[in-house]
Amino acid sequence: MDLRFKEAAVTKRFYISLLATTLVICALLTINQYLMVSTNTGSPVTNKGDISLSNYSPVVVKAEHISYLTENSSINTNDLLNSTLGQWKTIESKHLSLGRRDMAIWYRIPIKNTNATTINQVLEIQWPNLYSAELYRYNTNLLSYAVQHRGLSTQPIPNRTSSPTPAFYFTLAPHESTVLYLRVKTSYFQYVPMTFWAETLFQQQLQSKIIIYSLCFGALSAMLIFNLFLFLKLRSKTYIFYSMYILSINFYQLCVTGYGQNLLWFNNIPLKLISYELSVYLGFLFCNVFIRYFLHLKRNLKRVNSILIIYWSMATLSLLMGYSIPQQVSEIVAALSCIIALFTGYYLFIRGYRNALYFCIAWVFLTLSAIALLLMVIGFLPYSPIIEYGQMMGFVTAVLTISLALAGNLHVERLHRIVAQEKALQLEKQVSNERAAKLAAHKALLKAQDEQNALLEQKVIHRTHELEFLAHQLETANQQLSEISLTDPLTNLNNRRFLDQNLEMVSKSATRANSTLSMLLIDIDHFKNINDTYGHLAGDTCLVKIAGILKKHINRATDSIARYGGEEFAIVLPGTHEKDLVIIAEALRKDVADSHVSFNGHKIKLTVSIGCATVRPSEFIPPDCLIALTDKALYRAKNNGRNRCECSFTL
Ligand SMILES: Nc1nc2c(ncn2[C@@H]2O[C@H](COP(=O)(O)OP(=O)(O)OP(=O)(O)O)[C@@H](O)[C@H]2O)c(=O)[nH]1
């Protein structure tokens, strides 16, 4: 079967059973209300004999021994105390419960001392939740009724252990018979289970009661402190509401057992009036709030959760505004709360919520003990200390069991936390591994990039070197070209182009420095004859020879020699004066004339004619002027017979 369908069927069954049970409870409570009022109308009493008291064993008062009368405004105390037996009614309920009675009830209790000695007796009403209880006894000496009060007007009894339940002390003379009149007022159940105790036995019974209740209150208080600690440590709302629930149980038990009034709030009348109802209200309220959190109703059963919230909000609001919820309604809701809690626990358990089992066990204990107490109070069951203590035991068992469940929750939460932590750790590891892998990939990428960059850089450097080398080569080639373009290939002297460029430059320098600039033009005499006689190669050899001689005579770095064209040479001498120029020219001429050229076994003699000129260059005396002057001087040297120097000076 489909899982969702199965779950829907379970939910449907749950709501149907809840509704059916609710209807049954409502019906039972209605019947109960009816029975309480209608069945206890009573019938006139006949003398059924006195209750025999002794010092040996306690005597439980049975309904057949006593009779009752309802007090109303037309009957006063004296009327009742002096009334005849016929006015009194028998109690129909077997177990001394008259149901709800708003008016005070008088009980007539005839007693006698069967002993031949005086006995000290205590009459105990074993249900402490009464507004007031007064015991009247006729005092033969004073001819009046002595009265002991218990309840709202309780006074401590000196030298006796205080009893949480109403207890009245009296003495009976040997074989004395008398009638006790007990007036009881309560707005709750008119339930008066009574027992006559010999005083010593009563005191012993009080001691054991104190021990039992001390243990129970101790256990509840320990659980309260434990859960408060858990709340402070874990900050979970479940623990604080559970603590509040335990606290309200303590409060309720203090009311029910009578110890609250006996030990805590004594004669605080407002607290006495509301304590019981308030404790019941708070008990159910915190129980419901706790159930909401403990069984996660908000998540598991949304509708039940909403109903509880609406009811308790309305109830609390009405209480705060001063209205009280009618008792019957609150009883129905209280019973409903028990049923809802039990069914919710069971429902969640069959749906697989394991902690709900603990809750169910605890709740069954509690519900059974509460039902037993209720049945006792309304008179269906006889008074029994087991039932009286049973509810307390039920609470202790419930509190312990639920604490176990909460401890189980803690354990489960711890396991969940460990699993979650492990998952988180694994996830963290995975993330850190992925991060490490990404980092490694990133590093590899960076490394590859670095390598690429290095390679590129190397290539760039290499290429730059290549380019630099090429540029250098180009520069060298250009330089060589430039040199070639300015050099005469035969004599290896500078050519005419160089001379023109150089002359322009040095002329400007001389102009700036206002210095002299000199020039020599050297022409080989009858060179045509040499060519014609010995051939052009011989002529070339002669040209090279003359170039070598000229070079020897020019030492200054600023001086320059050039082949001016054909068999003509030019020497430019910046800063050289006429006198020195003539000396240089004459030395040159002489050196050439003294030398000769050997060619193919011929000894060729050479002479040169030299034109000298010196100018002081200016913007009016350009380089051309110097060349022209020098050329003129050379012309004169040729005309005047050759192998000689002629000068032109314009300074
Ligand atoms: N071998 C050779 N001969 C050259 C070169 N350049 C010019 N010549 C020759 O030089 C000769 C110059 O002759 P001319 O101008 O008549 O002069 P010259 O014979 O020296 O007569 P004068 O200068 O008047 O003494 C020519 O025959 C040219 O051919 C050259 O580079 N090599």
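This structure is a prediction, so every number in the text was calculated from the model and none was measured. (Residues numbered from 1 in each chain as written. Predicted model: local features only at pLDDT ≥ 70, side-chain atom pairs only at ≥ 80, totals over all residues. Heavy atoms only, no water.)

### Remarks on the overall build of the chain
Alright, step 1. In terms of regular secondary structure, the chain is built from 16 helices and 20 strands.
Alright, step 2. Across the 651 residues that make up the chain, the buried fraction comes to 43%.
Alright, step 3. Nonlocal contacts in the chain, meaning residues at least 24 apart in sequence, comprise 76% of its contacts between residues at least 6 apart.
Alright, step 4. Here the chain displays about 35200 Å² of accessible surface, and carbon together with sulfur accounts for 62% of that area. (Helix = DSSP H or I, 4+ residues; strand = E, 2+ residues; numbered from the N terminus. Buried < 20%, exposed > 50% of the residue type's maximum accessible area, 1.4 Å probe, protein only. Contact = heavy atoms within 4.5 Å. Areas by Shrake-Rupley, 256 points an atom, 1.4 Å probe, with all protein chains shown as cover.)

### Some details on the UniProt feature "transmembrane region" (unreviewed entry) in the chain
Alright, step 1. The feature "transmembrane region" (unreviewed entry), as annotated in UniProt, sits at residues 14-35, 210-232, 239-261, 273-295, 307-326, 332-349, 356-383 and 389-407 in this numbering.
Alright, step 2. With 96% helix and 0% strand, residues 239-261 has its two end C-alpha atoms placed 29 Å apart.
Alright, step 3. Taken end to end, residues 356-383 comprises 79% helix and 0% strand; its first and last C-alpha atoms sit 33 Å apart. (UniProt positions renumbered as here; feature names shortened; annotations may be inferred.)

### A few points about a nonpolar patch on the surface
Alright, step 1. There is a patch of nonpolar side chains on the surface, built from Tyr346, Phe349, Ile350, Leu357, Ile361 and Phe365 and spanning about 550 Å² of accessible area.
Alright, step 2. Elements represented by at least two residues in the nonpolar patch include exactly helix H9 (327-350) and helix H10 (355-377).
Alright, step 3. Turning to its location among the elements, Leu357 is positioned in helix H10. (Patch = residues over 30% accessible without salt bridge, like charges linked within 9 Å, V, L, I, M, F, W, Y side chains within 5 Å. Salt bridge = Lys/Arg side-chain N within 4 Å of Asp/Glu carboxyl O.)

### With respect to the sheet that holds strand E19 (residues 608-615)
Alright, step 1. Pairing is mixed across the open sheet formed by five strands, whose spatial order is E15-E16-E14-E19-E20. A single partner strand is all that each edge strand has here, and the edge strands are strand E15 (560-565) and strand E20 (645-649). With direction set aside, neighbouring strand axes in the sheet form an average angle of 20°.
Alright, step 2. In the sheet, E19 pairs with E20 via five bridges, with the strands oriented parallel. Within E20, the position partnered with Ile610 by the bridge is Cys645.
Alright, step 3. Packed onto the sheet, helix H12 (residues 496-513) meets strand E14 (517-524), E15 and strand E16 (568-574) and runs at close to 135° relative to E15.
Alright, step 4. Running over the sheet, helix H16 (residues 623-639) touches E14, E15, E16, E19 and E20 and is turned about 145° from E19. (Pairing = 2+ DSSP bridges. Axes fitted to C-alpha atoms, helices over the stretch in contact; angles between N-to-C directions.)

### A short note on the sheet that holds strand E7 (residues 119-125)
Strands belonging to one sheet form pairs held by backbone hydrogen bonds; the direction of such a pair is parallel or antiparallel.
Alright, step 1. Reading across from one edge, E2-E13-E7-E10 is the order of the four strands in this open sheet, with antiparallel pairing throughout. The open sheet has two edge strands with one neighbour each: strand E2 (59-60) and strand E10 (167-172).
Alright, step 2. Across the sheet, helix H3 (residues 199-234) touches E7, E10 and strand E13 (194-198), and the angle it forms with E13 is around 110°.

### A closer look at the packing of H12 against H16
Alright, step 1. Following both chains from N to C, one finds H12 and H16 inclined at 110°, their axes separated by 9 Å at the closest point. Taken together, the axis directions place H12 and H16 in an arrangement best described as roughly perpendicular. Contacts between H12 and H16 involve Leu503, Glu504 and Ser507 on the former and, on the latter, Pro623, Leu626 and Ile627. (Parallel < 35°, antiparallel > 145°, perpendicular 65-115°, else oblique.)

### Regarding the environment of Gln190
Alright, step 1. Mapped onto the elements of the fold, Gln190 is located in strand E12 (residues 189-191).
Alright, step 2. Spatially, the C-alpha atoms of Gln190 and Arg101 are 6.0 Å apart, while their sequence positions differ by 89 residues.
Alright, step 3. Excluding residues that lie within four positions of it along the chain, Gln190 makes contacts with Leu96, Ser97, Leu98, Gly99, Arg101, Met103, Ile105, Tyr107 and Val184.
Alright, step 4. Here Tyr107 takes part through its side chain, which lies 3.1 Å from a polar atom of the side chain of Gln190. (Polar contact = N/O pair within 3.5 Å; in protein donor to acceptor, adjacent residues only side chain to side chain.)

### A word on the side chain of Lys209
Alright, step 1. Along the chain, Lys209 falls in helix H3.
Alright, step 2. The contact partners of Lys209, leaving out residues within four places of it in the chain, are Glu124, Pro164, Thr165, Tyr259, Glu388 and Tyr389.

### Some details on helix H8 (residues 302-320)
Alright, step 1. Given a rise of 1.5 Å per residue, 19 residues ought to cover 27 Å, and the 27 Å separating the end C-alpha atoms of H8 matches this to within 8%.
Alright, step 2. Considered for burial, the residues of H8 that qualify are Val304, Asn305, Leu308, Tyr311, Trp312, Ala315 and Ser318. (Expected span 1.5 Å × (residues − 1).)

### Some points on the packing of helix H4 (residues 237-257) against helix H11 (residues 385-486)
Alright, step 1. Relative to each other, H4 and H11 sit at 170°, their axes nearing to 11 Å. When the interaxial angle is binned, H4 and H11 end up roughly antiparallel. Between H4 and H11, the residues in contact are Thr238, Tyr239, Tyr242, Tyr245, Ile246, Ile249, Tyr252, Gln253 and Val256 and Gln391, Met392, Phe395, Ala398, Val399, Ile402, Ser403, Leu406 and Leu410, respectively.
Alright, step 2. Looking at the contact of H4 with H11 residue by residue, the classes come out as 14 nonpolar, four polar and no charged. (Nonpolar A, V, L, I, M, F, W, Y, C, P; charged D, E, K, R; others polar.)

### Details of unusual backbone geometry
Alright, step 1. Of note, the phi angle at His526 is positive, near 45°, even though the residue is not glycine.
Alright, step 2. If you trace the backbone, His526 turns up in the loop between E14 and helix H13 (527-534).
Alright, step 3. On the basis of relative accessibility, which here comes to 45%, the residue His526 falls in the partly exposed class.
Alright, step 4. Even without glycine at this site, Asn600 takes up a positive phi of about 50°.
Alright, step 5. Position of Asn600 among the secondary structure elements: in the loop between strand E17 (596-599) and strand E18 (602-605).

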